[in-house]
Amino acid sequence: MQSVSPVPPSAPSSRADIVATLRAAGCVFAEDEAELILATARTPAETTAMVERRVAGLPLELVVGWAEFRGLRVTVAPGVFVPRRRTEFLVEQALARVPRATVVLDLCCGSGAVGAALASALRRVELHAADIDPAAVRCARGNVAAVGGHVHQGDLFDALPGALRGRVDILAANVPYVPSDKIGLLPLEARDHEPLVALDGGTDGLDVLRRVAAEATRWLAPGGCVLVETSRRQAPAALAAFEGNGLTTDLAVSEELYAHVVIGVRP
């Protein structure tokens, strides 16, 4: 969204009116957004309210209450990180590396989208998800329960039951990786509507990644892998953090999605 316009005096009633209102507010994909709002709203009043919230700058996913992620409709809520399309690449890499995984951990889970997508693809799997943010945990519980998973609240591995140690086949950790001094450069929708704890990765953006790397081998099963999304610039340091903690490493890149996933395997 590029700019914000005041809500027009007369509420939009038709699809054409909604598209025009959204376009005037700076929504680049106004037609697509109008379709989603109309498909989600149950009453005309709800449609009007959704359009007003979108014009005010609320991310579309929070307006309609869900985000599409690998074919799933993932519930999202205010104050919870909205899953990105590029993170689907992390899921694809995990499935390619450990196609017969039976125990999956979604760390820094946010809405639980990654864990839910992995469990849906793997079918029979023991799924655990964890986040430090109470709002994320509340949101993830519904998404993860739908695929038979469990959600825990706490700081990284401290949240987990000890029985998981040495059993995890896929450890997906979508950690915050924006350097602290770059937070102000993020799009308004992220800065204003997503929790800082899900964005701020510390001075160089790798504080949380290093903590995950330091403990991953204690939780992974032999041959299990940990996957973390990062940036192109941060990838060499992220690989070094994994290697320094006894993991065999690889870097997977999708130029199309501008996605970089650091992978560590427990020998």
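Refer to the structure above for everything that follows.
The structure contained in this document is the topic of the report that follows. Model, not experiment: these values are computed from the prediction.

Bringing the overall build of the protein into the picture now. Helix and strand counts for the protein come out as ten helices and nine strands. Referenced to the eigenvectors of the C-alpha coordinate spread, the extents of the protein come out at roughly 65 × 40 × 30 Å. Of all 267 residues assigned to the protein, the portion counted as buried reaches 53%. Contacts in the protein between residues far apart in sequence, at least 24 positions, make up 61% of those at least 6 positions apart. Counting only carbon and sulfur atoms, one obtains 53% of the accessible surface of the protein, whose full area is about 12,100 Å². Averaging the locations of the 26 positively and 31 negatively charged side chains of the protein gives two centres separated by 5 Å.

Here the focus is the nonpolar core. The biggest cluster of nonpolar side chains holds 33 residues, and the ones touching the most others in it are V104, L118, I170 and L227. For this core, the elements supplying multiple residues, two or more each, are α5 (88–97), α6 (113–122), β4 (126–131), α7 (134–145), β6 (168–173), β7 (220–230) and β9 (259–265). Here the element with the most residues in this core is α6; it accounts for six residues. Once you skip the residues sitting within four places of it in the chain, I170 turns out to touch A94, V98, A101, V103, V104, L105, L118, L122, C225 and L227. Counting residues in hydrophobic clusters, the runner-up holds 30 residues, among them L105, L107, L209 and A241.

Enumeration according to the criterion identifies 13 salt bridges in this entry. As a salt-bridge pair, R85 and E256 come within 3.9 Å of each other at their nearest N and O atoms. Here E256 lies in the loop between β8 (248–254) and β9 and R85 lies in the loop between β2 (72–75) and α5, a separation of 171 residues in the sequence. With respect to burial, R85 and E256 carry one shared label: exposed. Salt-bridge contacts for R167 lead to E126; the nearest nitrogen and oxygen are separated by 2.7 Å. Taken together, the residues R167 in the loop between β5 (150–153) and β6 and E126 in strand β4 connect sequence positions 41 residues apart. Since its relative accessible area comes to 34%, R167 is described here as partly exposed.

Here the focus is the sheet that holds β4. Taken in spatial order, the seven strands line up as β5-β4-β3-β6-β7-β9-β8 in an open sheet, and their pairing is mixed. The open sheet is flanked by β5 and β8, the only strands paired with a single partner. Along the sheet, successive strands turn relative to each other by an average axial angle of 20°, direction set aside. Its contacts with the sheet place α5 against β6, β7, β8 and β9, and it is angled at close to 160° to β7.

Thresholds, definitions, all that
Residues numbered from 1 in each chain as written. Predicted model: local features only at pLDDT ≥ 70, side-chain atom pairs only at ≥ 80, totals over all residues. Heavy atoms only, no water. Helix = DSSP H or I, 4+ residues; strand = E, 2+ residues; numbered from the N terminus. Buried < 20%, exposed > 50% of the residue type's maximum accessible area, 1.4 Å probe, protein only. Contact = heavy atoms within 4.5 Å. Areas by Shrake-Rupley, 256 points an atom, 1.4 Å probe, with all protein chains shown as cover. Lys, Arg positive; Asp, Glu negative; His and termini not counted. Charge placed at Lys NZ, Arg CZ, Asp CG, Glu CD. Core = buried A, V, L, I, M, F, W, Y, C linked by side-chain atoms within 4.5 Å. Salt bridge = Lys/Arg side-chain N within 4 Å of Asp/Glu carboxyl O. Pairing = 2+ DSSP bridges. Axes fitted to C-alpha atoms, helices over the stretch in contact; angles between N-to-C directions.

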